[in-house]
Amino acid sequence: MPIIRASIAALLLAPLIAHANFREFKAVPVDSELAAKITRAAEASLKDFPRLTADNLALSVIDLTKPEAPGRADYHGDASFYPASLVKLFFMVETYRQGKLSPEIERALREMIYVSDNDAAAFLVDILTDTCSGSELEGKALEDFVDHRRKLNRSFAALGYDISAMMKPWSFGPFGRDMQLLGENKVNRNRASANSFASLLFWIVRRHAISRQASDAMLALLERPLAPPRPTENQVKDFFGESLPSGSKLWSKEGDTSEVRHDAAYIELPSGRKLIVVILTRGAADDKTLLPDVGKRLLAELGEDRR
């Protein structure tokens, strides 16, 4: 009988593990001491970078050092930002959720995450939403196109996420029907918060995102050496990873444009500390010292600024 009860319990828990959501993330206890440290780091960074006003900075941190008792805190963690290439984290998770894996899709995932290739991301968005870019549309054809692109938003909204992931990342676009999709005043522009990205990483690191196997595969995509072998594969120098002490381990994804400069990371420090750190910034994206300096301030507050 105990074995039968255990099996039933496992079956009952399976949907929760497979579909861990943003509401569960918000239920993780807020650590007041961690919150104070994050606020001090944020305020010090605002003094260092005058162009970085308070409403243009967001931080979200989860301490996973004690896996049985995680704690979290944030600074403007629920504020919406244009996510740039961080939106590719949502595309990655949705790809595994839909289970549409093939050698070519797996190649696109690697290119999208490891070198942040926009063409790979566009390919996956087409597959995930059953759409394709092209000339302008009218009437019902346009309505259907927009509705299909909302598929990812609906998928994550069901899990409690308030995000928009309708638009492909573009280097110089969008054009045609994608420009129509963007809408008046960019109403459908991609958006997300520091807490939403922290939540995604939280479930991946705890092997609760889709499945243990899918979580392991996503972690493998996000893993980064602190000394990238080729400059084209760099998402460390000039980003949060640059602030890490020697001997640290890093899993991350950055996002930057002329407007924003972001990083979302899971780190394991030489001290044994394990942290998820998300930094979103707006208004000083051309300053390549920004994310390393914010990272150093944060690590110093946490007592982890050893070089």
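Residue numbers restart at each chain and count upward from 1, following the sequence in its written direction. Local features in this predicted model are restricted to residues whose pLDDT is 70 or higher, and side-chain atom pairs enter the listing and the counts only when it is 80 or higher, whereas totals over whole chains, interfaces and linings include all residues. Hydrogens and waters are ignored; side-chain quantities use all the structure's heavy atoms.

Draft legend 1. A look at the nonpolar core. M92, M112, Y161 and I276 are the most contacted members of the largest nonpolar core, which totals 54 residues. Strands here mean DSSP runs of E at least two residues long; helices mean DSSP runs of H or I at least four residues long; both are numbered from the N terminus. The biggest single contributor to this core is helix α10 (residues 194-205), with nine residues. A contact between two residues is defined here by any heavy atoms of the two lying within 4.5 Å. The contacts of I276, once residues within four sequence positions are left out, are S60, V61, I62, L64, A198, L201, F202, V205, A265 and Y266. One finds L34, L275, I279 and L291 within the second-largest nonpolar core, a separate group that totals 31 residues. Nonpolar core, defined: a set of buried Ala, Val, Leu, Ile, Met, Phe, Trp, Tyr and Cys residues in which side-chain atoms within 4.5 Å join the residues together. Relative accessibility decides the category of a residue: with a 1.4 Å probe and only protein chains considered, values under 20% of the type maximum give buried, values over 50% give exposed, and everything between is partly exposed.

Draft legend 2. A look at the packing of helix α3 (residues 32-48) against helix α12 (residues 290-301). The interhelical angle for the contact between α3 and α12, taken along N-to-C directions, is 145°, at an axis separation of 9 Å. Considering only the axes of α3 and α12, their crossing is right-handed. Counting all contacts with α3, which are made through K37, I38, R40, A41, A44, S45 and D48, the residues of α12 involved are V294, R297, L298 and E301. Polarity classes work like this: nonpolar for Ala, Val, Leu, Ile, Met, Phe, Trp, Tyr, Cys and Pro, charged for Asp, Glu, Lys and Arg, and polar for all others, with Gly in that last group. Looking at side-chain class alone, the contact of α3 with α12 contains five nonpolar, one polar and five charged residues. Comment: axis = line fitted to C-alpha atoms, over the contacting stretch for helices; angle = value between 0 and 180 degrees taken between N-to-C directions. By definition, turning the near helix anticlockwise from the far helix through less than a right angle yields a left-handed crossing, and turning it clockwise yields a right-handed one.

Draft legend 3. How the structure looks around the pairing of strand β6 (residues 274-282). A large share of β6 lies buried, amounting to seven of its nine residues. In terms of strand pairing, strand β1 (residues 57-63) meets β6 through seven bridges, oriented antiparallel. Each bridged residue has a counterpart across the sheet, and for L57 the counterpart in β6 is T281. Pairing geometry for strand β5 (residues 260-268) and β6, over nine bridges, is antiparallel. Bridging from a neighbouring strand, V260 pairs with R282 of β6. Two strands make a pair as long as DSSP finds a minimum of two bridges between them.

Draft legend 4. Here's a closer look at the pattern of salt bridges. Whenever Lys or Arg places a side-chain nitrogen within 4 Å of a carboxyl oxygen from Asp or Glu, that contact is recorded as a salt bridge. Scanning the entire structure with this criterion turns up 19 salt bridges. Measuring nitrogen to oxygen at the nearest pair gives 3.1 Å for the salt bridge that ties D63 to R273. Of the two residues, D63 is situated in strand β1 and R273 in the loop between β5 and β6; the sequence distance between them amounts to 210 residues. Neither residue differs from the other here; D63 and R273 are each classed as buried.

Draft legend 5. Quick look at the side chain of T281. If you trace the backbone, T281 turns up in strand β6. Given the relative accessible area of 0%, T281 is considered buried. Polar contacts, as used here, are pairs of N or O atoms within 3.5 Å; protein pairs need one atom able to donate a hydrogen and one able to accept it. Residues neighboring in sequence count only if both atoms are side-chain atoms. For T281, the side chain forms a polar contact with the main-chain oxygen of R261, separated by 2.5 Å. When near neighbours in sequence (up to four residues on either side) are disregarded, T281 contacts L52, N56, L57, F81, E259, V260, R261, H262, L290 and L291.

Draft legend 6. The packing of helix α4 (residues 88-98) against α10, seen in detail. Relative orientation of the contacting elements α4 and α10 amounts to 40°, with a least axis distance of 10 Å. Here α4 is positioned oblique relative to α10, judged by the angle of their axes. Between α4 and α10 lies a crossing of left-handed hand. Contact residues: α4 offers L89, F90, M92 and V93, while α10 offers S196, F197, L200 and I204. Among the residues forming the contact of α4 with α10, the class breakdown is seven nonpolar, one polar and no charged. Note on angle classes: values under 35 degrees are labelled roughly parallel, values over 145 roughly antiparallel, values of 65 to 115 roughly perpendicular, and the remainder oblique.

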